[in-house]
Amino acid sequence: MAFWRRNRGQEPSQPESESGGESQDEVPLSASSDRPGIADKVRFWEEQDRINQELIPRVLKQHELLTAHVANHEESRAQTAALDSRINAVNESHLRAMTELEERTTAEIRSAKRLALSVSLASLGVAGLAIILTLVT
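Reading the values: the criteria
Residues numbered from 1 in each chain as written. Predicted model: local features only at pLDDT ≥ 70, side-chain atom pairs only at ≥ 80, totals over all residues. Heavy atoms only, no water. Helix = DSSP H or I, 4+ residues; strand = E, 2+ residues; numbered from the N terminus. Buried < 20%, exposed > 50% of the residue type's maximum accessible area, 1.4 Å probe, protein only. Areas by Shrake-Rupley, 256 points an atom, 1.4 Å probe, with all protein chains shown as cover. Expected span 1.5 Å × (residues − 1). Bend = angle between axes of the 7 residues up to and from the residue. Salt bridge = Lys/Arg side-chain N within 4 Å of Asp/Glu carboxyl O. pLDDT = per-residue confidence, 0-100. Contact = heavy atoms within 4.5 Å. Patch = residues over 30% accessible without salt bridge, like charges linked within 9 Å, V, L, I, M, F, W, Y side chains within 5 Å.

**Student:** Lay out the overall build of the chain in plain terms, naming residues and giving numbers.
**Tutor:** For the chain, the count of helices and strands is one helix and two strands. Reading the helices (α) and strands (β) of the chain from amino to carboxyl end gives β-β-α. The proportion of buried residues among the 137 residues of the chain is 3%. Element-wise, carbon and sulfur atoms account for 59% of the exposed surface of the chain, whose accessible area totals about 12300 Å².

**Student:** Describe in detail helix α1 (residues 38–136), supporting the description with residues and values.
**Tutor:** The terminal C-alpha atoms of α1, which comprises 99 residues, lie 142 Å apart, in line with the 147 Å expected from a rise of 1.5 Å per residue. Along α1, the largest kink reaches about 25° and is centred on Leu-55; proline Pro-57 follows within four residues of it.

**Student:** Give me the lowdown on the pattern of salt bridges, citing residues and values where you can.
**Tutor:** Tallied over the entire structure, the rule returns five salt bridges. Among the salt bridges present, the one from Arg-77 reaches Glu-74, with a minimum N-O distance of 3.7 Å. Here Glu-74 and Arg-77 lie together in helix α1, a separation of three residues that amounts to about one turn. For Glu-74, a relative accessible area of 41% puts it in the partly exposed group. Sharing partners across several salt bridges, the network here consists of Glu-47, Arg-50 and Glu-54.

**Student:** An account of the confidence of the model for the chain is requested, with residue identities and associated values reported.
**Tutor:** For the chain, mean pLDDT is 81; residues scoring 70 or higher make up 76% of the total. Segment residues 1–24: pLDDT under 50, and 26 contacts once partners within four positions in sequence are set aside and those in other chains are kept.

**Student:** Provide a residue-level description of a nonpolar patch on the surface, including the pertinent values.
**Tutor:** There is a patch of nonpolar side chains on the surface, built from Leu-129, Ile-131, Ile-132, Leu-135 and Val-136 and spanning about 560 Å² of accessible area. Within the element layout of this structure, Ile-131 appears in helix α1. When its relative accessible area of 53% is taken as the criterion, Ile-131 is described as exposed.

See below:
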């Protein structure tokens, strides 16, 4: 025989006896009716309404938080792209400056070497003149 439990979803407080006795938590359904009564349906829908009243605001809040997170993520992505562009521009500028500095340094080193060679040659010339003067006098 089928029974409608008042506390649906819960186990009966005491197991049914082997003899098929009914507990106080169970209401036998008539053989002609398999459906719960209108009062049980009203209680069910009242409980569903109470659950919805608690859950819907939570779901809406989570939706708002997720939407804000996605928007922040998109904004972060745009900021990251702008920063990458700036970094690339700075790197290119740095590379140009380093290349220019290297070229200038190389030119200055060549100039210094030429000057050192000229000074060396001049020193040799002065030394040669000194020797000639020493020999002449």
